[in-house]
Amino acid sequence: MPIPDYQALMLPVLRLAAEGQTRAPEAADKIANQFGLSDAERQEMLPSGRQRVLHNRIHWAKFYMSKAGLIDTPTRGRFVASEAGRKPLATNPASIDVETLKSYPAFMEFYAASNTGSASSDETPATVGSKIDSTTSATPEEQIDAAQAVLHQALKTDLLQRILAQSPAFFERAIVDLLVAMGYGGSHEDAARRLGKTGDGGIDGVIDEDRLGLDRIYVQAKRYAPHLGVGRPEVQAFVGSLVGFGASKGVFVTTSSFSTPATDFVRHLPQRIVLIDGDRLADLMIEHGVGVRVARAVEVKRLDEDFFVEE
């Protein structure tokens, strides 16, 4: 079954806390067993890769209940149900969620403070994650990651559109910038002298794999519209050119996509051929800061438990 959302986990977490002091990893194991989660679901990470989804959802279930006074944290890393938290369990409730917690004054005070202000037209992940939405099943981190994914995809689309609107020479320079940013070619000047100068036998350029020039990578770049994919014949011609140069490594970059026969063809070659389609090209440019800049940085801080440990 899918991993329960953080609101669905509130009641199971409170029941475990009522059994005695426990830690989040222990609670995660017991809840995973209770819901029959698979190993893959137990290990599933947030898109940020910084925390497991189940642990994150348990954290927020516990956090919100602590704001209502239902959960206490007697020592670092451990939590337990308070006297106020044991009372609703006596009634055997079907569930506990954010709407349930609103009946507690302490939570309503926290809820009001968290939702102060209205959403603006330029709402960002920072503001999305700072509000409590009782209608969503996503934790604040999941909301931030989802908003980041939307922004990332929109940026990729913009990048490719702008590249297509530029000249072929601009595209070659962009590939130079990217390869140098990724650590190839030594210096930008060395890479620029080699790449975009060959134009011979289906090869658009040659770039050093390392700063010492111990090995070389041959490059082919095709600036195609999205509906014009690169097929096997073009890739095969590129490989033939590599053979003619006695080369063993090549990179074929396009702003569009590669056909299935093209990708299948390079899998069984003695040469090492890397195909970079428009989607991956945009990802690499964003990752290495080529053609993009930071508009706003979102810093998420957590409580430093070690700071509050007395000697």
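Note that the coordinates shown come from a computational prediction; the quantities given were computed from them, not determined experimentally.

Thoughts on helix H2 (residues 24-34)
Okay, step 1: Those residues of H2 that sit buried are Ala27, Ala28, Ile31 and Ala32. The buried residues of H2 all sit within an arc of 130° when viewed along its axis, so they share a single face.
Okay, step 2: Buried residues along H2 sit in contact with helix H1 (10-18), strand S1 (22-23), helix H3 (39-43), helix H4 (53-67) and strand S3 (78-81).
Okay, step 3: Gly36 lies just past H2 and shows a positive phi near 65°.

A word on the sheet that holds S3
Okay, step 1: The strand order across the open sheet built from 3 strands is S1-S3-S2, with neighbouring strands paired in antiparallel fashion. A single partner strand is all that each edge strand has here, and the edge strands are S1 and strand S2 (71-72).
Okay, step 2: In this fold H1 packs onto S2 and S3, with an angle of close to 95° to the strand it touches most, S3.

Considerations on the packing of H4 against helix H7 (residues 105-114)
Okay, step 1: Packing of H4 against H7 brings their axes to within 7 Å, and their N-to-C directions diverge by 110°. Judged on the interaxial angle alone, H7 and H4 are roughly perpendicular. Between H4 and H7, the residues in contact are Phe63, Tyr64 and Lys67 and Ala106, Phe107 and Phe110, respectively.
Okay, step 2: Classifying every residue of the contact of H4 with H7 by side-chain character gives 5 nonpolar, no polar and 1 charged.

Regarding the pairing of strand S5 (residues 203-208)
Okay, step 1: Of all the 6 residues making up S5, 5 are buried; the element is thus mostly covered by neighbouring parts of the structure.
Okay, step 2: Examined bridge by bridge, S5 and strand S6 (residues 216-222) share 4 bridges and lie antiparallel to one another. Its bridge partner lying in S6, Ile207 is registered against Ile217.

Some details on the nonpolar core
Okay, step 1: Formed by 34 residues in total, the largest nonpolar core has its most connected members in Met10, Leu54 and Leu101.
Okay, step 2: When near neighbours in sequence (up to four residues on either side) are disregarded, Leu101 contacts Met10, Tyr64, Met65, Ala68, Leu70, Ile96 and Phe107.
Okay, step 3: Core analysis: the second largest hydrophobic core is formed by 20 residues, Ile163, Leu281, Ala282 and Met285 among them.

Focus on the pattern of salt bridges
Okay, step 1: Here the structure, examined in full by the defined rule, presents 6 salt bridges.
Okay, step 2: The shortest N-O distance in the salt bridge between Glu99 and Lys102 comes to 2.9 Å.
Okay, step 3: Judged by its relative accessible area of 23%, Lys102 falls in the partly exposed class.
Okay, step 4: Of the charged contacts in the structure, one is a salt bridge between Lys156 and Asp279, with a shortest N-O distance of 2.6 Å. In this pair, Lys156 is assigned in helix H9 (residues 140-164) and Asp279 in helix H14 (residues 278-287), connecting sequence segments 123 residues apart.
Okay, step 5: A residue is classified by how much of its surface remains accessible, and Lys156, at 5% relative accessible area, is buried.
Okay, step 6: Judged by relative accessible area, Asp279 falls into the partly exposed class, the value being 40%.

Thresholds applied
Residues numbered from 1 in each chain as written. Predicted model: local features only at pLDDT ≥ 70, side-chain atom pairs only at ≥ 80, totals over all residues. Heavy atoms only, no water. Buried < 20%, exposed > 50% of the residue type's maximum accessible area, 1.4 Å probe, protein only. Helix = DSSP H or I, 4+ residues; strand = E, 2+ residues; numbered from the N terminus. Arc of directions from axis to C-beta. Contact = heavy atoms within 4.5 Å. Pairing = 2+ DSSP bridges. Axes fitted to C-alpha atoms, helices over the stretch in contact; angles between N-to-C directions. Parallel < 35°, antiparallel > 145°, perpendicular 65-115°, else oblique. Nonpolar A, V, L, I, M, F, W, Y, C, P; charged D, E, K, R; others polar. Core = buried A, V, L, I, M, F, W, Y, C linked by side-chain atoms within 4.5 Å. Salt bridge = Lys/Arg side-chain N within 4 Å of Asp/Glu carboxyl O.

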